[in-house]
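Letter by letter, the chains look like this.
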Amino acid sequence: MSTQKKQDPRAIRSKRVIKDAVAELLVENPDISKLTVQKISQRAELNRATFYLHFVDINDLLKQLVYDIFDDLTLEMSPILQIDNLNDEERLTTFLDYFYKHRKLFAVLFAHPGFKKKLHMLLKDSIVIERVSGRTVAKEITLSKDILASSILGIIMWWLKDGVHFSSEYIAQQIIELYR
């Protein structure tokens, strides 16, 4: 018998709807100070009591939303960042598609230095540097994980801010070319 309690599907749905509502509101107006429980509850079409049933306050909700994003990135996407896999355009494109799909929310979150620092750390911890071969001579080049994580993060941030007209496939091709 499992000691873990199964969550009520209604509770799971309510939490998801509230998180979606806050994400929509932040996309419309990135000023977090303008968020209220009332606005979030109205957007989610739930009452305030339901909000407080699941979250202590708005900061608790925002923390959980960010944790969800990092959980998604860690569990589903981080294996793609192994250097040997940077030549796998399809997997790298899938990774970039996640950012593109949530680009408006990421644009808001990138404005907060703590989020960028945590994302940089996630990228750095996910990168496995095995080898990068040169174009003309197959020689080993060692890249710092910090430099590699910073460059990937920088590319993603630029893409979502100024280069969104480029496809994730094109950005993946550019990253692959950069690290050949």
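Scroll up for the structure.
Residues numbered from 1 in each chain as written. Predicted model: local features only at pLDDT ≥ 70, side-chain atom pairs only at ≥ 80, totals over all residues. Heavy atoms only, no water.

A. Highlighting the packing of aromatic side chains. Counting across every chain of the model gives 13 aromatic pairs. Measuring from centroid to centroid gives 4.7 Å for Phe99 and Phe106, while their planes differ by 35°, and the two rings are tilted. Look at Phe106 and you get buried, because its relative accessible area is 1%. Each residue in the set Phe70, Phe95, Tyr98, Phe99, Phe106, Phe110 and Phe115 is aromatic and connected to the rest through ring pairs, giving one cluster. A cation over a ring is seen here: Arg103 above Tyr100, with NZ or CZ 4.0 Å from the ring centre. We note Lys118 situated over the ring of Phe70; from NZ or CZ to the ring centre the distance is 5.1 Å. (Phe/Tyr/Trp six-rings, centres within 6.5 Å; stacked < 30°, edge-to-face > 60°. Buried < 20%, exposed > 50% of the residue type's maximum accessible area, 1.4 Å probe, protein only. Lys NZ or Arg CZ within 6 Å of the ring centre and 35° of its normal.)

B. Region of the structure containing the pattern of salt bridges. Under the defined criterion, the tally for this structure stands at 5 salt bridges. Ionic pairing is found between Asp146 and Lys124, a salt bridge with its closest N-O pair at 3.4 Å. Of this pair, Asp146 sits in helix H8 (residues 145–162) while Lys124 is found in helix H7 (residues 113–126), placing the two residues 22 residues apart along the sequence. According to the relative accessible area criterion, Asp146 is partly exposed, its value standing at 33%. Among the charged side chains, a salt-bridge network with shared partners connects Glu24, Glu28 and Arg43. (Salt bridge = Lys/Arg side-chain N within 4 Å of Asp/Glu carboxyl O. Helix = DSSP H or I, 4+ residues; strand = E, 2+ residues; numbered from the N terminus.)

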